[in-house]
Amino acid sequence: MAVSTEAQETRVGSSPACIFKQALKLFGMASMIQEKNVSNPNISIVINIHREKNFLARTLINLEGCIRYSQVCGLTCEIIAVFDSSDEETETVFQNTDLQDVCPVTVLRVSHRSLGLSRNSGIEAAKGTCILLHDADDLISFNALTALYTDVMQSGKLAIRICQYLFSFGMQSHILEYPDTDATSPLPFIGMHPYLSCIMFQRSLYEKIQFVDHSLSSGYAYEDWHFNATALAIDCNIRPTPDTVFFYRRRASSLSVQASTDSPGQIAPCILFEPPTFLRLSKDKYLSWKTHGRDILKTFNFKRIDALRDPVFWGLLSAANKIEPLIDPYFLTDNDFRSSLDLINPAIGVAYYEVCEIIRDKTFTDVILLPFLSVGGAERYIFDIIKALEALAPDNQTLIILGEKSSAMSASARLPKHVTILDIPTLASDLNEHERNLIVLKLIQNCAPQARIHIKPSPFAYIFTHKFLKILKNNKKIFYRFSDEKSGSDSFPIYRNFFTTAATILDEVDLILSDNKNIINNDIYYIYAKNKKRKLLYACQPNFTSIDSIKSNITQPSTRILWASRIDNEKRPELLIPISKMLYELYPEAQIDVFGINVLGHFDTHVFSSFPNITYRGPFSNFTKIATEGYACFLYTSSFDGLPNVLLEAMSVGLPIVAPAVGGIDEIIENNVTGKLIHSDTLTDEELVRAYAHALNDLLRHPEQRQQLALNALRKLEEQHGPEQYTENVKKIFEELACD
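Residues numbered from 1 in each chain as written. Predicted model: local features only at pLDDT ≥ 70, side-chain atom pairs only at ≥ 80, totals over all residues. Heavy atoms only, no water.

Student: How do you make sense of the overall build of the protein when you look at a structure like this?
Tutor: Assigned secondary structure in the protein consists of 26 helices and 25 strands. Counting across all 740 residues of the protein, residues that qualify as buried make up 58%. Counted over contacts in the protein with a minimum sequence separation of 6, partners at least 24 positions apart contribute 77%. A total of about 30,600 Å² of accessible surface is found on the protein, and carbon and sulfur atoms cover 50% of it. (Helix = DSSP H or I, 4+ residues; strand = E, 2+ residues; numbered from the N terminus. Buried < 20%, exposed > 50% of the residue type's maximum accessible area, 1.4 Å probe, protein only. Contact = heavy atoms within 4.5 Å. Areas by Shrake-Rupley, 256 points an atom, 1.4 Å probe, with all protein chains shown as cover.)

Printed below as a string of structure tokens:
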């Protein structure tokens, strides 16, 4: 549409003062025009009103000037005022500012308590060809309605237009310049919203996209971010209209500030982040952003000196300042002139693109959050559950997300069949912790929207779940509890209960699954409440021996002792040295073979080489294979634990066990019945070493005792950890979970 000559002349004045005077002249001319009650206006201004009694008058004065300017340019407007749970004072301000003489006004009163739903109500009531979305405390430059409308109509039905500049005032002052979509693309939308809510588009677009509910109760925020991201997904182009300014009031009591404060500050699931869509729309920009992303963003830096020399820019600011004195460019410093892309890390979009290349069109029934892949029993426990669920539903697909860096990775033999592994620290090495967690969130929202989320306690899991678990409402969340960490000295031990640390997420978790009764009782003690969410599921362990094999093998002479575990502080490998010294005095022929690797600690295995009766044998991936090499018994020295899987494996091959009475170990080992149980919590290290050495000596010297312990342990294992009973337990627990 053509714009009048007088309006065009405001772009070529010789000074800011000249432009300002021309604007006032136009306003004066427009005030003499009596707007007719048009049935099909060019522009519907949908203004959301909440409780802005102290700011609304200035916003309405601003809109009146903008409407009068647009009338001079031949445009017609209407106002749709949406009062969402507003107060009487704010409504009074609106009524006292009579806009009926300027254009038709429709008043809606709703109780959505949601900006998105209120915008929908306003758009549905609108009759205009184009919609401008506006808030009750913001302003726009006097030429914005006309310029945005002209741009949208020239650009088509899939066009969204924003102002070129954002002038932030109030709590924070700065000026942003918006580059167009060709510069941003979908890539930065993972980490942030490059725009704000004041946009114009043809009303027909509303048939394709509506706002979603991002009220405070929903747990989400930024309905405008979601709307614009969805628009990109259906091939809309979002660009700034030159020489227009959006004046954004920042105040502590605004709904947007409340939403970002009271929520994780993230949007609901959005089709833009579905991997096939994200790959398609980002393909053209991916390589350039990967190789030159930061250089590309630098080209869009706001040139302050250019803005200060532009009379149009100054004219727009001056006109707005007349209405709102807080709009004062003289308070700005060089650092307050920015590009909207300044805060973008190009690596986040690149990393998500590369993750999407792995995922493609897969969807998942189960997601496992792990710090890293480890040889530990906790991982096997969770993987065994996934395998049981796969047996019950063969089409299940599992996504394993690793959230922390590790120097050690386990073999993949224990993994479920249909599994995809994403090592986020490796795939997103240039991102900080928050950015990596955003990628994890987007993956779950878009690739596993109804999946079960399995959470192994770890720093990664705690940070992610604390921030985002409450918005994953459609996912069943399973929190695994095995043990509590113990550190400090023998005299003054320090316990770290992860469950009490994670108490803030208890209401968001659907199932708390433990492999031992001890930790459940311990949690009840700390939380002071029983909870139907807590379930006991003993680990699965099939037998790899028989009664006849135990009777024939265990009486054979043997002096070898097996120790196999993670060589971390938790497992106390340093005790092996004093144990070997004392054992040498009691039974000189005894030999301790040590298997394992460092995962969390830095224990130096070379220290074993100085002792003749200790041999470090390196890492292992198959316990059954190493345990059947003629050992007399199995030694376990952990300082804290749940019910360790390695003990079940030792029982399954007929090895009698010497182990400490920590965690849930006494649920499988009864002293002198199914093994040798050392009550370590009441002993000093010196006493503990003596107890271990004497228990080992006793077993080495009495093969008939080894045989009886092994037979009793095998019966206990079959009764408590047999595969058939285990599968039934898994089925029952997860059927109940699905019905909750």
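Student: What is the right way to look at the packing of helix α23 (residues 645-652) against helix α25 (residues 703-721) in this model?
Tutor: The packing of two helices is summarised by the inter-axis angle and the distance between the axes. Relative to each other, α23 and α25 sit at 125 degrees, their axes nearing to 9 Å. One way to sum up the angle between α23 and α25 is to call them oblique. In this structure, α23 meets α25 at a crossing whose hand is left-handed. Facing L648, M651 and S652 of α23, the residues of α25 in contact are A713, L714, L717 and H721. Classifying every residue of the contact of α23 with α25 gives five nonpolar, two polar and no charged. (Axes fitted to C-alpha atoms, helices over the stretch in contact; angles between N-to-C directions. Parallel < 35°, antiparallel > 145°, perpendicular 65-115°, else oblique. Left-handed = near helix turned anticlockwise from the far one by under 90°. Nonpolar A, V, L, I, M, F, W, Y, C, P; charged D, E, K, R; others polar.)

Student: Could you clarify how one ought to interpret the pairing of strand β3 (residues 105-110) in this entry?
Tutor: If a strand is regular, its side chains alternate between the two faces of the sheet. Here strand β2 (residues 77-84) pairs with β3 via six bridges, running parallel. Bridge pairing links I79 to V105 in β3. In this region the chain leaves β2, passes through helix α4 (residues 88-96) and returns to the parallel neighbour β3; the handedness of that crossover is right-handed. (Pairing = 2+ DSSP bridges. Right-handed = clockwise from strand over helix to strand, strands pointing away.)

Student: Sorry if this is basic, but what is going on with the sheet that holds strand β24 (residues 657-660) here?
Tutor: By way of backbone hydrogen bonds, the strands of a sheet pair with one another, either parallel or antiparallel. The parallel open sheet is built from six strands, whose spatial order is β22-β21-β20-β23-β24-β25. What marks the edges here is a single partner per strand, and that holds for β22 (614-616) and β25 (676-678). Across the sheet, the mean angle separating the axes of adjacent strands is 25 degrees when strand polarity is ignored. Pairing of strand β23 (residues 633-635) with β24 involves two bridges; the strand directions are parallel. By the bridge assignment, F634 is partnered in β24 with I657. Against the sheet, helix α24 (residues 685-701) touches β20 (560-564), β23, β24 and β25, its axis set at about 175 degrees to β25.

Student: Which parts of the structure should I look at to understand the nonpolar core?
Tutor: As a rule of thumb, soluble globular proteins bury nonpolar side chains together. Membership of the largest hydrophobic core comes to 122 residues, with the highest contact counts inside it found for L145 and I439. In terms of residue count, the dominant contributor to this core is helix α13 (residues 346-359) (nine residues). Every residue in contact with I439, bar those within four places of it in the chain, is listed here: I348, A351, Y352, V355, I424, A428 and L431. I400, A564, L655 and I733 belong to the second largest nonpolar core, which has 56 residues in total. (Core = buried A, V, L, I, M, F, W, Y, C linked by side-chain atoms within 4.5 Å.)

Student: Looking at this structure, how should I read the pattern of salt bridges?
Tutor: Oppositely charged side chains can form a pair if their charged atoms are brought close together. Across all of its chains, the model carries 29 salt bridges by this definition. Among the ionic pairs, E324 bridges to R58, the shortest N-O distance being 2.7 Å. Residue E324 is located in the loop between α12 (311-323) and β10 (337-339), and its partner R58 is located in helix α3 (residues 56-72); the two are separated by 266 residues in the primary sequence. A relative accessible area of 2% places E324 in the buried class. Judged by relative accessible area, which is 24%, R58 ranks as partly exposed. Put simply, D235 and R280 hold a salt bridge, and the shortest N to O gap is 3.4 Å. Of this pair, D235 sits in the loop between α8 (223-233) and β9 (237-250) while R280 is found in helix α10 (residues 275-298), placing the two residues 45 residues apart along the sequence. The network of salt bridges with shared partners includes R566, D568, E570, K571 and D641. (Salt bridge = Lys/Arg side-chain N within 4 Å of Asp/Glu carboxyl O.)

Student: Mind showing me how you'd approach the sheet that holds strand β15 (residues 476-481) here?
Tutor: Spatially, β13-β12-β11-β14-β15-β18-β19 is the arrangement adopted by the seven strands of the open sheet, whose pairing is parallel. Strand pairing shows two members of the sheet lacking a second neighbour, β13 (419-423) and β19 (534-536), which therefore form its edges. The sheet shows a mean angle of 20 degrees between the axes of neighbouring strands, direction not considered. Here β15 pairs with strand β18 (residues 511-514) via four bridges, running parallel. Residue Y480 lies in a different strand from β18, and its bridge partner there is L513. Across the sheet, helix α14 (residues 377-392) is in contact with β11 (366-370), β12 (398-402), β14 (452-455), β15 and β18; its angle to β11 comes to roughly 175 degrees.

Student: Help me understand the packing of helix α21 (residues 576-586) against α24 in this model?
Tutor: Relative orientation of the contacting elements α21 and α24 amounts to 45 degrees, with a least axis distance of 9 Å. It follows from the interaxial angle that α21 and α24 lie oblique. When the axes of α21 and α24 are compared, the crossing they make is right-handed. Across the interface between the two elements, P578, I579, M582, L583 and L586 of α21 pack against V689, R690, Y692, A693, H694, L696, N697 and R701 of α24. Considered class by class, the residues forming the contact of α21 with α24 number nine nonpolar, two polar and two charged.

Student: Explain the environment of I524 to me, please; I cannot follow it from the model alone.
Tutor: When you line up the elements, I524 lands in helix α19 (residues 517-527). Judged by relative accessible area, I524 falls into the partly exposed class, the value being 22%. When the C-alpha positions of I524 and R534 are compared, they lie 9.6 Å apart, and in sequence the two are ten residues distant.

Student: How should I be thinking about helix α26 (residues 723-739) in this particular structure?
Tutor: Between its first and last C-alpha atoms α26 spans 24 Å; for 17 residues at 1.5 Å apiece the expected length is 24 Å, and the two agree. Those residues of α26 that fall on the buried side of the exposure criterion are Y726, V730, I733, F734 and L737. Relative to the axis of α26, the buried residues are bounded by an arc of 90 degrees and lie together on one face. Seen from the buried face of α26, the exposed residues on the opposite side, beyond 90 degrees, are E724, K732 and C739. Residues of α26 that are buried make contact with α14, β14, β15, β18 and β19. (Expected span 1.5 Å × (residues − 1). Arc of directions from axis to C-beta.)

Student: Please clarify how the confidence of the model for the protein should be interpreted in this entry.
Tutor: Caution is warranted with low-pLDDT regions, since their predicted coordinates should not be read in detail. Taken residue by residue, the protein gives an average pLDDT of 87. The fraction at 70 or more is 87%. Across residues 1-21 the pLDDT falls below 50, and counting only partners more than four positions away or on other chains, this stretch makes 39 contacts in the model. Below a pLDDT of 50 lies the segment residues 26-37, which in the model reaches 26 contacts outside its immediate sequence neighbourhood of four places, other chains included. (pLDDT = per-residue confidence, 0-100.)

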